[in-house]
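Residues per chain are reported as follows:
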Amino acid sequence: MLEKIKQNRYFLLFIFLFGYAQSVQIRFLVRGRFSWYLFTPEAAVLYFISACILFALMRFLMQRWQKSETFDYRETLKVFSTSLLLYLIILNMLSLLIALAFDTVERNFNLNTLLNDSIGNLLNAFIYGSFFLAYYYYSKNQKNQKQLFLSNEALSESKINQLKSQLSPHFLFNNLNVLDQLIEEDKHKASDFLYEFSEIYRYVLQATDKKLVSVEDELSFAKSYFRLMQHKYGQSYQLKIIQKEKNSGYIVPLTLQLLLENAIQHNLGTESNPVLITIEIQGQLKVSNNIIEKRTVKMPSGKALVNLKEQYRLLSSQEIAIDHSKSRFAVTLPIIQNP
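Residues numbered from 1 in each chain as written. Predicted model: local features only at pLDDT ≥ 70, side-chain atom pairs only at ≥ 80, totals over all residues. Heavy atoms only, no water.

Under an unreviewed UniProt entry, the chain has the name Histidine kinase and belongs to Flavobacterium humi.

1. Points about empty space enclosed by the protein
What counts is decided by this rule: Think of a 1 Å grid over just the protein atoms. A cavity is a set of points where a 1.4 Å probe fits yet cannot get out, a pocket is an open set with protein on both sides within 12 Å along at least five of seven lines, and lining residues have an atom within 4 Å of a point. Grid points are joined across faces, edges and corners, and a volume is the space filled by probe spheres set on the points. Put simply, DSSP marks the helices as runs of H or I at least four residues long and the strands as runs of E at least two long, and each gets a number from the N terminus on. Here the term charged refers only to Asp, Glu, Lys and Arg, the term nonpolar to Ala, Val, Leu, Ile, Met, Phe, Trp, Tyr, Cys and Pro, and the term polar to all other amino acids, Gly among them.
The tally for this structure, following the rule as stated, stands at two cavities of 30 Å³ or more. For the largest cavity, the calculated volume is near 50 Å³. Taken together, Leu259, Asn262, Ala263, Val287, Ser288, Asn289, Phe329 and Val331 make up the lining of the largest cavity. Elements represented by at least two residues in the lining of the largest cavity include exactly α9 (255-265), β5 (284-290) and β7 (328-334). Classifying every residue of the lining of the largest cavity by side-chain character gives five nonpolar, three polar and no charged.

2. Comments concerning a nonpolar patch on the surface
The condition is simple: Note on patches: the residues involved have over 30% relative accessible area and no salt bridge, like charges join within 9 Å, and the nonpolar side chains Val, Leu, Ile, Met, Phe, Trp and Tyr join within 5 Å. Working definition of accessibility: Shrake-Rupley area with a 1.4 Å probe, residue cover restricted to the visible protein chains. Definition used for salt bridges: Asp or Glu carboxyl oxygen within 4 Å of a side-chain nitrogen of Lys or Arg. Here's how the labels work: a residue is buried when its accessible area is under 20% of the maximum for its type, exposed when over 50%, partly exposed in between, all with a 1.4 Å probe on protein chains only.
There is a patch of nonpolar side chains on the surface, built from Leu85, Leu86, Ile89, Ile90, Met93, Leu94, Leu96, Leu97 and Leu100 and spanning about 780 Å² of accessible area. The class of Leu100 is exposed, set by a relative accessible area of 53%.

3. Observations regarding the sheet that holds β7
For clarity, the threshold we go by: Note on pairing: DSSP must find at least two bridges between two strands before they are called paired. Only the stretch in contact is used when a helix axis is fitted, and all axes are lines through C-alpha atoms; the angle between N-to-C directions ranges over 0 to 180 degrees. We call two residues contacting when some pair of their heavy atoms lies within 4.5 Å.
With mixed pairing, the five strands of this open sheet are ordered in space as β2-β4-β5-β7-β6. Single-partner strands in this sheet number two, and they are β2 (237-243) and β6 (321-324). Between one strand axis and the next, the sheet turns through 10° on average, direction left out of account. Pairing geometry for β2 and strand β4 (residues 275-282), over seven bridges, is parallel. Of the residues in β4, the one forming a bridge with Lys240 is Thr278. The sheet strands contacting helix α8 (residues 215-233) are β2, β4 and β5, and the helix crosses β2 at an angle near 165°.

4. Some words on the packing of aromatic side chains
The condition that has to hold: What counts as a ring pair is set by centres within 6.5 Å for rings of Phe, Tyr and Trp (its six-membered ring), and what kind of pair is set by the plane angle: stacked under 30 degrees, edge-to-face over 60, tilted for all other angles. Criterion for a charge above a ring: Arg CZ or Lys NZ at most 6 Å from the ring centre, at most 35 degrees from the ring normal.
Following the criterion strictly, the structure yields 16 aromatic pairs and no others. For the pair Phe11 and Tyr135, a centre-to-centre distance of 4.2 Å together with 5° between the ring planes defines the contact as stacked. Pair noted here: Phe11 is in helix α2 (residues 9-31) and Tyr135 is in helix α6 (residues 111-185), with a separation of 124 residues, a long-range link. Relative to Phe221, the ring of Tyr203 has its centre 4.5 Å away and its plane inclined at 25°; by these criteria the two rings are stacked. Of the two residues, Tyr203 is situated in helix α7 (residues 187-207) and Phe221 in helix α8; the sequence distance between them amounts to 18 residues. As far as the burial class goes, Tyr203 and Phe221 line up, both buried. Three or more aromatic residues link up through ring pairs in this structure, and these residues are Phe11, Phe55, Phe132, Tyr135, Tyr136 and Tyr137. When the ring centre of Trp65 is taken as reference, the NZ or CZ atom of Lys78 above it lies at 4.4 Å.

5. Here we look at the pairing of β5
Among the seven residues of β5, five are classified as buried, and the element is accordingly described as predominantly covered. As judged from the six bridges shared by β4 and β5, these two strands associate in the antiparallel manner. Paired with Thr278 across the strands is Ser288, a residue of β5. Linking two consecutive strands that pair antiparallel, namely β4 and β5, is a turn of one residue; a positive phi of about 80° is found at Gly283 within it. Here β5 runs beside β7; their pairing, made up of seven bridges, is antiparallel. Note on β7: the bridge partner recorded for Lys286 is Thr332.

6. Looking at α8
What counts here: Any helix carries an expected span of 1.5 Å times its number of residues minus one.
Given a rise of 1.5 Å per residue, 19 residues ought to cover 27 Å, and the 26 Å separating the end C-alpha atoms of α8 matches this to within 8%. Every buried residue of α8 is listed here: Val215, Glu218, Leu219, Phe221, Ala222, Tyr225, Phe226, Leu228, Met229 and His231. In the stretch just after α8, Gly234 is the one whose phi turns positive, near 65°.

7. Focus: the environment of Asn124
Under the convention used in this document: Residues adjacent in sequence count toward polar contacts only when both atoms are side-chain atoms; beyond that, a polar contact is any pair of N or O atoms within 3.5 Å, and within protein one must be able to donate a hydrogen and the other to accept it.
Looking at the element boundaries, Asn124 is found in helix α6. Taking the C-alpha atoms as reference points, Asn124 and Leu84, separated by 40 residues in sequence, lie 9.8 Å from one another. In this structure Asn124 touches Gln22 and Tyr47, once residues within four positions along its chain are discounted. A distance of 2.7 Å separates polar atoms of two side chains, one belonging to Asn124 and the other to Gln22.

In structure tokens, the structure reads:
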């Protein structure tokens, strides 16, 4: 009970203050002049107690009769009308018991007095009951909105984890293929590759536990990853980073690795005609490369980019933009400022 009072203390305070203002107004209309009596709180306390009785009735009937989780006109009208009727019956019964106890039935419980009191109580019940309904459905809506937010957040978290679980094995598989080829070509180069790969994969394992990483951390990782690729391809693929100012924003982990890998996988670079990959940071992050098509082109599934787009959709109101022409491929990413 105390916990309920604490949770709804502001609403209850409003009801008391409204009842207090109501009692002052009625006394002034009756007496027509100001006096200390106008501001005594006993009438406000009585209004407050009566309102709490009405609220308890309405709450009880709502718990018994309401089946819908959202506002239902018929259910609400049924609860409201029944509550008003029961409220009047209870107040009149209390008035009768008090009149019998003090032997004032003829004076305080005659037809004229009963009618006037009933009309006044009915009007008060309508006003206070309306307050209660407005507050009840507002609180219920707030609670539902919070539950919906938490549910969507949990769903987004689940989706992001699923997408990351697809990216990490993809990264591992591709680099193990590179290692396999290097072992056949140059064992010393393969050994260096394996050492650098283990350092990079440590970052991958750490990053997959995060929703976002700083742009600076991801850039540092991209440089290390590209050096790893140069063990196999030499200068056939080149990386250029244009960063006019330090950016404090965040991006999805392994974004740059995926885009670098995408450029290498779908283009054929040579020492004489290299593929130039450019990472440009200025408000947004843009990764672009010139297109040198392979002679035998395997149709890309596009799964990695689809996964990346989905992650940004879940984490940011902005989406990534893909620009694909005959000579150039570019992906523009939003930089998220509030992780």
